[in-house]
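Geometric and topological summary
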Amino acid sequence: MNNQVPKYVTCGRAALLLGIPEEELGRISAQSGLGHTESAGEETETFFTYDELRQICLISTHQVN
């Protein structure tokens, strides 16, 4: 059984974990430079580390207050 925690999460999972829409996560990511995009053929996917998620969480709570 593999109990390892992944080092990266997809944009969809990150949005779910943070409780914000993917569009909002994309906007914050673009403005802050957090996350990295991988391309395979015509498809692209943005990935985040858990540290980046923590930083995005701090950014998003600062913008609300």
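Here's what I pulled together on the structure shown here. Given the structure is predicted, the values throughout are model-derived calculations rather than measurements.

**Considerations on the side chain of Ser 29**
Tracing the backbone shows Ser 29 in helix 2 (residues 22–32). Only 2.5 Å separates the side chain of Ser 29 from the backbone oxygen of Leu 34, close enough to count as a polar contact. When residues no more than four places from it in sequence are discounted, the contact partners of Ser 29 are Leu 34, Gly 35 and Phe 48.

**Structural notes on the sheet that holds strand 3 (residues 43–49)**
An order of 1-3-2 is seen for the 3 strands of this open sheet, with the pairing classed as antiparallel. The open sheet has two free edges, formed respectively by strand 1 (8–10) and strand 2 (36–40), since each of these has just one partner strand. Going from strand to strand, the sheet's axes swing by 40 degrees on average, the running direction of each strand aside. Across 5 bridges, the pairing between strand 2 and strand 3 is antiparallel. Bridge pairing in strand 3 places Glu 38 opposite Glu 45. Contacting strand 1 and strand 3, helix 1 (residues 11–18) runs over the sheet at an angle of about 95 degrees to strand 1.

**What about the pattern of salt bridges?**
Enumeration according to the criterion identifies 2 salt bridges in this entry. Among the ionic pairs, Arg 27 bridges to Glu 24, the shortest N-O distance being 2.5 Å. On the criterion of helical spacing, the pair formed by Arg 27 and Glu 24 is a turn pair, its members being 3 residues apart in helix 2. Looking at Arg 27, the relative accessible area reads 31%, which means it is partly exposed. Residues Arg 54 and Asp 51 are paired through a salt bridge, measuring 3.0 Å at the closest nitrogen-oxygen approach. With Arg 54 and Asp 51 both in helix 3 (residues 50–64) and 3 residues apart, this pair spans about one turn of that helix. Relative accessible area serves as the criterion here: at 47%, Arg 54 is assigned to the partly exposed category.

The rules behind each value
Residues numbered from 1 in each chain as written. Predicted model: local features only at pLDDT ≥ 70, side-chain atom pairs only at ≥ 80, totals over all residues. Heavy atoms only, no water. Helix = DSSP H or I, 4+ residues; strand = E, 2+ residues; numbered from the N terminus. Polar contact = N/O pair within 3.5 Å; in protein donor to acceptor, adjacent residues only side chain to side chain. Contact = heavy atoms within 4.5 Å. Pairing = 2+ DSSP bridges. Axes fitted to C-alpha atoms, helices over the stretch in contact; angles between N-to-C directions. Salt bridge = Lys/Arg side-chain N within 4 Å of Asp/Glu carboxyl O. Buried < 20%, exposed > 50% of the residue type's maximum accessible area, 1.4 Å probe, protein only.

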